[in-house]
Every structure is written in structure tokens, then in C-alpha cells.
Amino acid sequence: MNDRRHGCQPNELGFSALADSAHRGVDLIVAVLEVLKGKTPGRFVEVQTERTVFGRHPHCQVVLENAAVSRYHAQILDVHGDFFIEDLRSRNGTHVNESLVEGRRELKNGDVVRVCDFAFRFLATPPTDTQLLKPGVLLEGGVLVGPTRAFEDPAEDSPNNNDEAEGTFDSRSEEEDRSSIISTLDAGGSSSDLRLSVKPETKLKAILEITKVLAGSLGLSQVLDKTLEGLFRIFPQADEGFIMLREEQQKKLVVKATKTRRNTDADDQVHISMTIVRKALETSEGILSENALEDSRFRASESLSSLQIRSMICAPLVSRERGPLGVIQITTNDVGAQFRNEDLDLLISVAMQVALAVENAYLYQKALKQRDMERDLEFATQVQLGFLPHSRPKLPGYEFADYYEPAQRVGGDYFDYIQLPHGRIAVALADVAGKGVPAALLMARLYSAVRYHLISQPDAAAAMTGLNAEISTSGLGHRFITCLIMIIDPESHQLTLVNAGHLSPLRRDSAGQVTPIGAVESGMPLGILANQKFHQMKYDLQPGESWLVFTDGVTEAMRSAKEIYGNKRLTEFFAKSPTKIDETVKEVVADVGAFVEGRPQSDDICMVGFQRLP
């Protein structure tokens, strides 16, 4: 990455900050895009990272709110200080200086980039009075500057003690006729319900100390350790203390933090009685006992007798959303320094603050995992787009068109153009069962396998047979793939077709008559029968003739639970669609979009068309 970017966080850069930095001679911004067309011309968008993506999807760096814009429409790449623009298989194309972008094109200072109804001027060196669009602000022209980067990770601490407690807790009834419990307090209420029987200055000191720690870190281990340190300063009679938390998706309790008055590491172990812990969790009440050994609630506990715990206070950590999260317990073995009612009240106050911190830490960890997942999916999206062809074949006498749109961030549909000897072009299209990441991974495997077999095998039938054998024996489970391979010979104007269980391609002659091709001759999908032999068919390509191949995301697009787009509608639309294949593909996509009436896309859509020119 260019070091000039490190001078400031892009999402912190305000309008005046850039002008100030330019005045100081600090080069913070590498390049910008000036908004030319829209309701807010004259504003500027920073080319934020090594990849700046334009599209409708909210994860794009520049979000363009317009139905004509594809979800991932185009991207600007920073390659060692040189900038290139690349169309991402968009439906309506990307233009630079009114010239359609095919493949990757270098951007020069002053070039005008047009994405549907939006126009931007690329400036390699921004003017000193540049006013950048702030990230996350939707302008009147429908331009939204997306997030420049994920938020930073703070240093994460590992728990001090990860030992499991003695078993899970369960509900049990205990006799309460004779008890040395001084008091129990409800720990599940709000902090505003706390009584003020503790001296205000003592309570304030404790809350401020703990709150300062809680506000300073989202790392759970550091929060818990510092909490115990603060409690030991508040309770000088405390001999031992621990915090236990319930592991998510489990019923087991785990010790997360401990502290003792002992100085040697060998003695730095706390004594835990699950009897008291269970009681606090079951009732969501804090427990204060002047002598736990004589407490009728805990007389049956052998651990209390062996540990010689005298006085203790125990407070549950209670979340209104999650219920009991764990407990904080402080104990003393000094019979002359028993805990009192105000001590329990104070511990309840601290426990409420800690419970909020624990819940926030859980939510933070969940957000980090979600962020990481989004980052991985974004990378997977870019990798998958890299597998797709960057440009269409330049075959004399022929024109090609294509469209690709996954239902999720990544998809299982696949198409490719493969250059073969003697000027021939192979068009491959496939649909992996399922969608999302698993299908996308198999699609990546298919990309290289199809190319290998087409180049190494003598004909298309042998290539499909070898491809099926590889997929069937690769240990990919019960997933299957429908696949279609077409080879176009521009010298003989002949097409060779092999179909492995895919939807029949549509053939339209110069008179507009549409015919499905090869349904009877089609074989089984790849991955079902390892020893299956495929057969190829040959067709003469006449002037003006067009072919359309597609996945079931087109024909199974749903308007309601009982109505799909269907082969019949596609065939009829293809028959009356424009003569030029590029316009045909665009209008088919638009017709499918109108048919579903705004319903979310339920399956990946992939379509390839070609035409022999008249």
C-alpha cells in the first residue's frame, strides 16, 4: 500500500481537514473522483484503498442508489501508484470518456468515468480546496460513500484461568428453617433500584474505580482481573475472590478470573463451592452469609466443610436479555471480619456494572466475528469475480454477451471463455448445486478443471467425460453439477455441443424462430456416475443465428410461491427480442427483474449469448 495513505484515517477526514493538510504540505489523499453528473456536482470522493468498488451493494466503497447500477458494477484499482478501472460484469457497462470499458483500462488524470446516470472526473492530484464526501452520507444524487475500512482490533487478552468448574448447576431445594444468611438482595433489577445504605463516598469510590476499568477496555480478561483488584481494595478483609462465567452454548461454568491475598504463586488458587454458586444463579439474588459452615442452606456441601469458608458474599451477573451470566464471589476466613449487609449491597452494585461489561464484551466479540466474516466474504467475492472472464472473445464474424449475478455475496454459477487451437473458442457454463460459499468453492475447482480437460482432451465429449470422472472421485460429497460446453469453429462455422444435465440452450434463427437444442441427447449431471460417457453434437451456424445459454436462476425466478418465470416465457421473449445479442441479454435480465416485482433474488443468475453476424 502506498505510504502516503497512512497520514490520516480516511473516515476521519472532514471537509476542512483536507484543505488544512494540503496547506501544511502533507500529502494525505492520492486521488479523488469529482462528481460531475447528479444533483450535487462539484463534490469529491476519495479513491480510498487499493480497490474502490462502485455498485448498489452497501459493502461497496461508492454506493450508487439507482436500479440501473449493478450490485458490484465497477472498480478502480491502485496498482503501485497507477490507477486502473475494470467493469465487474455489470449489466449496463462502464464508460470512460464515453468509451465502453472492456477488461482493465488505465485511468489518466481528467478521464470522465460514467456509471449509468452518474459521472465522475478522475483526478490523480486533488485540488487544495477539495471537499471530500464523508463516509456513510447519502447525497441527494443517490451517491453514498461507504465505509473506508473495518474498525481496528484492540489487543485481545486471553483468560487467566480456563479451568472448568465442578460440573453443571441444576435446580434443587434446600431447607431454610435455620440459616446464618444475613440477607439476600435481588440482583436482576436495574441500577436505579439500588439502595443507598452504603456510605455514599465508599460506594462512589468503588463504582468509579470499577467503571473506569470497564470503560477502558473491551477485552473480557482485563475487565475481570481489574474488577477483582478493585474489590480487594474496597474489602480489606477479603482472602479470596473469583469470577465465573457461563460459556456460551454450554451449561458449564468456567472460572475466568481469580485473586487471593497469598503472595506465592503456588498458593494462588481459590476454593470454590458450587453449592453457593448454584444458589445465586438459580435465584438471581446476592447472598451474604456470616458463617457459611453453619448455614442451613449449605450444610450438605462437603466442599464448604473442607474449604473452611467462613463469611462470604456472592452476587450473580444478570443480563436482562441473556439471564444469569455468572457470579462474583468474595470470601474471608477471618471470623472476626465478617461481611455485612452493606458489603453485599456494594457488591451487587459492582456486579450490575460487570454484567453490562460482560454482555458488551460478548457483543463485541460477536461483532468482530461478523466483521471478519464480512471481510472474508468480500475477499471471496473479489476472488470469484477474478475467475470470471474480464473481456468477451474477439472472434471474427461473431459477437458475445454475458451476465452474472450471484444470489448471495458469492455463488455457484460459472461461465468461461477458453481459447483453443486453430482459432476456436469454447464457451463453458455450469451450475453447482446449492449457493453461497460451498458452491463458490466448488465453482473455483471447476474453473481450472474445465480448462485442463478442454486443452488436454481431443474433443469436447472426451473433455466432459474426463471432467465427470474427476468430479465424481474428488470426495466432494453428494453435490452435483450441471454443465454445458460449446466449441465454436469460426472457419467451418460449426458448433460442437456437449450437455451434462444442464438446461437446453435456445437457438434462434434469422427469421426469429426459437428452438431448444439437445434435450434428448443430454447426459446426467457431473458427479453422479463416475463412468458415464458423454456424446457431442454438431450444428451448422447460419448468418444471423443466435444462441442463448443460462442457469435456472433465470427460469426459476419467482414472483410468488406458485409462479415462476419459466422456459416458455423465456422462449417467447427471446423470439421477439432485439437482433443484437448484447441488447437481447440486457433485455432478458430486465424482463426477469420486472417479473419478480422486487422480490429478493433466490438463486444465482448466469447467462451467455452469442451470435453469428449476418
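Q: An account of the overall build of the protein chain is needed here, citing residue identities and associated values.
A: Looking only at helices and strands, one finds eleven helices and 31 strands in the protein chain. Classification of the 614 residues of the protein chain by burial places 50% in the buried group. Considering only contacts within the protein chain whose residues lie at least 6 apart along the sequence, 66% involve residues at least 24 apart. Accessible surface computed for the protein chain: about 28,600 Å², of which carbon and sulfur atoms make up 50%.

Q: Give a detailed account of the packing of helix H7 (residues 437–456) against helix H8 (residues 460–472), specifying residues and quantitative values.
A: Where H7 meets H8, the closest approach of the two axes is 9 Å, and the angle between their N-to-C directions is 140 degrees. For the element pair H7 / H8, the angle class is oblique. When you trace H7 past H8, the crossing you get is right-handed. Each of Arg445, Leu446, Ala449, Val450, His453 and Leu454 in H7 lies in contact with H8, whose residues at this interface are Ala463, Gly466, Leu467, Glu470 and Ile471. Across the contact of H7 with H8, the residue classes tally to seven nonpolar, two polar and two charged.

Q: Describe the pairing of strand S24 (residues 494–500), and please don't skip the residues or the numbers.
A: With six of its seven residues buried, S24 lies for the most part within the structure. Note: strand S23 (residues 481–489) against S24, six bridges, orientation antiparallel. Bridging from a neighbouring strand, methionine 486 pairs with leucine 497 of S24. Linkage of S23 to S24, two consecutive antiparallel strands, is achieved through a turn of four residues, within which histidine 493 is found at a positive phi near 50 degrees. Pairing between S24 and strand S27 (residues 537–540): four bridges, direction antiparallel.

Q: Residue-level account of H8, with values.
A: Since there are 3.6 residues in each turn of an α-helix, residues three or four apart along the chain are aligned in direction. End to end, H8 covers 18 Å across 13 residues, agreeing with the expected 18 Å (1.5 Å per residue, within 8%). Turning to H8, the residues buried within the fold contact H7, S23 and S24.

Q: Account for the packing of helix H10 (residues 566–576) against helix H11 (residues 581–596), with residues named and values stated.
A: Contact geometry of H10 with H11 gives a least axis separation of 11 Å together with a crossing angle of 140 degrees. In this view, H10 runs oblique relative to H11, as classed from their interaxial angle. For the crossing formed where H10 meets H11, the hand is right-handed. In this structure, H10 contributes Arg569, Leu570, Phe573 and Phe574 to the contact, and H11 contributes Thr584, Glu587, Val588, Asp591 and Phe595. Of the residues belonging to the contact of H10 with H11, the class tally is five nonpolar, one polar and three charged.

Q: Describe the packing of aromatic side chains, listing the residues and the values that go with them.
A: Within this structure, the stated rule accounts for nine aromatic pairs. Ring geometry for phenylalanine 400 versus phenylalanine 610: centroids 6.0 Å apart, planes at 35 degrees, classification tilted. Here phenylalanine 400 is found in strand S20 (residues 398–405), whereas its partner phenylalanine 610 is found in strand S31 (residues 605–612), with 210 residues between them in sequence. Each member of the pair, phenylalanine 400 together with phenylalanine 610, is buried. Put simply, the rings of Phe400, Phe415, Tyr417, Tyr539, Trp547 and Phe610 touch in pairs and so form one group of aromatic residues. For the cation-ring pair, lysine 259 lies above phenylalanine 232, with the distance from its terminal atom to the ring centre recorded as 5.6 Å.

Calculation criteria
Residues numbered from 1 in each chain as written. Predicted model: local features only at pLDDT ≥ 70, side-chain atom pairs only at ≥ 80, totals over all residues. Heavy atoms only, no water. Helix = DSSP H or I, 4+ residues; strand = E, 2+ residues; numbered from the N terminus. Buried < 20%, exposed > 50% of the residue type's maximum accessible area, 1.4 Å probe, protein only. Contact = heavy atoms within 4.5 Å. Areas by Shrake-Rupley, 256 points an atom, 1.4 Å probe, with all protein chains shown as cover. Axes fitted to C-alpha atoms, helices over the stretch in contact; angles between N-to-C directions. Parallel < 35°, antiparallel > 145°, perpendicular 65-115°, else oblique. Left-handed = near helix turned anticlockwise from the far one by under 90°. Nonpolar A, V, L, I, M, F, W, Y, C, P; charged D, E, K, R; others polar. Pairing = 2+ DSSP bridges. Expected span 1.5 Å × (residues − 1). Phe/Tyr/Trp six-rings, centres within 6.5 Å; stacked < 30°, edge-to-face > 60°. Lys NZ or Arg CZ within 6 Å of the ring centre and 35° of its normal.

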